[in-house]
Amino acid sequence: MSVKTADKSGDTAMNNAVLRKTPMISLVVPCFNEESAIKLLYEETLNVLEKGEGITDLEFIFVDDGSKDATLEELRKYAALDSRVRYLSFSRNFGKEAALFAGLSEAAGDFVVTLDADLQDPPSLIPDMLNTVRSNEYDCAATRRVTRKGEPLIRSFFARCFYYLMAKLADVEVVDGARDFRLMSRVYVDAILALKERNRFSKGIFPWIGFKTKWFEYENRERSAGETKWSFWKLVIYAFNGIIAFSSKPLAIASVFGILIFLASLILIAIIVIRKATGHVVNVDGWASTTCIILLTSGIQLFSVGVLGQYIAKTYTEVKHRPHYIIREAS
Ligand code: UDP
Ligand code: MG
């Protein structure tokens, strides 16, 4: 059993890429309980790239993100069948972001594609994406879904709310419907790998590193097999992490609440003093309004402490410098 951490530098991959004459494509596929999807993905991708385009210099890097089903057995099988298939298997589920980071760290290609195992990211787009980036005019070919057909309405609604909030709060532009399905040049991948943060939010990292990106649009597709790995709550937490990772505006909002309440209290004090001075009887029946004010202010205080706590918690996980993932087995 080998324990390998994410702090491997991208240098080796870059050197390998430079030494090779014909450009090589790495396909990075995060897999969490995808036993039935791997075969379909492998076959369709080869169909498009090898049969369709005659591209043979490629490698698959499957990252088994602590699957509980037979994903690892499938990967072992394909690695034994085809030397271009490599895999990493995590010691537990570290999440898709960690799986993508591991795959990118391992990828040796001059061009690297990240795509989901479930064929929701159509490999048929790869040739066009490759031509775009090979032309040197762009460093990355990215994709976005233009429809959310087949997705539960409530999920689409919250997804829209998330993108709206991100647009208002985040310091980077997060594109609505953007997928993690991308084809990237070597410099682009190395730039991503240079960002070593633990709380990874790719949808923010991509725009943050910059470079020239061309967008490809496509209609949403149903999963080839299996079911989505994202529960509603997993998505909510993911959305909060994204906002905290790329914006400090929630802290400013908490401060604004504090200032507004302070100003309101000054006005109220002034009113009470004036009423007293002008001989008005103080209303002793004010318990209901007092309780409401206490509840309101303590609610806002707890909210603000919570916001602050989120940033401190993220800082805590960053300073611990734990590896992004732990590999239990690799091909
Ligand atoms: N995935 C992963 N780790 C996780 C959750 C998902 O590696 O903890 C992988 C999953 O196997 C798939 C991709 O991430 O290849 C996207 O997941 P999914 O299709 O479930 O998400 P959706 O398309 O429904 O947003
Ligand atoms: Mg999917």
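It should be emphasised that the depicted structure is a prediction, and the values quoted were computed from it without experimental measurement.

**Q** Residues and numbers for unusual backbone geometry, please.
**A** The backbone of Phe 211 sits at a positive phi, close to 70°, despite the residue not being glycine. Within the secondary structure layout, Phe 211 lies in the loop between α8 (202–209) and β7 (213–218). Judged by relative accessible area, Phe 211 falls into the partly exposed class, the value being 40%.

**Q** Which residues make up the coordination of the magnesium ion (ligand 2), and what values do they have?
**A** Every protein donor of the magnesium ion (ligand 2) is listed here as Asp 118 (OD) and Gln 120 (OE1), and their distances to the metal cover 1.9 Å. Judged on exposure class, the residue Asp 118 and its partner Gln 120 are both buried.

**Q** Describe the nonpolar core, naming the residues involved and giving the relevant values.
**A** Counting 39 residues, the largest nonpolar core has Phe 90, Leu 104, Met 184, Ile 192 and Tyr 325 as its most contacted members. Residue assignment for this core shows that the elements contributing at least two residues are β2 (58–64), β3 (85–90), α4 (96–106), β5 (140–145), α6 (153–169), α7 (186–194), α8 and α9 (232–246). Contact partners of Ile 192, with chain neighbours within four places excluded, come to Phe 101, Leu 104, Met 184, Arg 200, Ile 205, Phe 206 and Ile 209. If you look at the next biggest cluster of nonpolar residues, it comprises 35 residues, including Val 29, Leu 49, Leu 58 and Phe 60.

**Q** So what about the site of ligand 1? Which residues, and what values?
**A** Ligand 1 sits among 19 residues. The nearest are Glu 34, Asp 65, Asp 118, Thr 228 and Lys 229. A distance of 2.6 Å separates an oxygen atom of ligand 1 from a polar atom in the side chain of Asp 118. Tallied by class, the residues present in the shell around ligand 1 amount to five nonpolar, four polar and 10 charged.

**Q** Talk me through the packing of aromatic side chains; I want residue IDs and the actual numbers.
**A** For the structure on display, the rule yields 16 aromatic pairs. Aromatic pair Phe 90 and Phe 94: ring centres 5.5 Å apart, planes at 90°, arrangement edge-to-face. Residue Phe 90 shares its accessibility class with Phe 94, and that shared class is buried. Each residue in the set Phe 162, Tyr 163, Phe 201, Trp 230, Tyr 238 and Phe 246 is aromatic and connected to the rest through ring pairs, giving one cluster.

**Q** Can you tell me about the confidence of the model for the protein chain, naming the residues and giving the values?
**A** Looking at the protein chain as a whole, the pLDDT averages 87, with 93% of positions reaching at least 70. pLDDT under 50 marks residues 1–10. Its contacts with residues more than four places away, or in other chains, come to 21 contacts.

**Q** Talk me through helix α3 (residues 71–81); I want residue IDs and the actual numbers.
**A** Listed as buried for α3 are Thr 71, Leu 72, Glu 74, Leu 75, Tyr 78 and Ala 79. Buried residues in α3, looked at end-on, bunch into an arc of 155°, giving them a common side. Those residues of α3 that are exposed and angled more than 90 degrees off the buried face are Ala 80 and Leu 81. In this fold, the buried residues of α3 make contact with β1 (25–31), α2 (38–52), β2, β3 and β8 (327–330).

Calculation rules
- Residues numbered from 1 in each chain as written.
- Chains lettered and ligands numbered in written order.
- Predicted model: local features only at pLDDT ≥ 70, side-chain atom pairs only at ≥ 80, totals over all residues.
- Heavy atoms only, no water.
- Helix = DSSP H or I, 4+ residues; strand = E, 2+ residues; numbered from the N terminus.
- Buried < 20%, exposed > 50% of the residue type's maximum accessible area, 1.4 Å probe, protein only.
- Donors = N, O, S within 2.8 Å, 3.2 Å for Na, K, Ca; no water.
- Core = buried A, V, L, I, M, F, W, Y, C linked by side-chain atoms within 4.5 Å.
- Contact = heavy atoms within 4.5 Å.
- Near = heavy atom within 4 Å.
- Polar contact = N/O pair within 3.5 Å; in protein donor to acceptor, adjacent residues only side chain to side chain.
- Nonpolar A, V, L, I, M, F, W, Y, C, P; charged D, E, K, R; others polar.
- Phe/Tyr/Trp six-rings, centres within 6.5 Å; stacked < 30°, edge-to-face > 60°.
- pLDDT = per-residue confidence, 0-100.
- Arc of directions from axis to C-beta.

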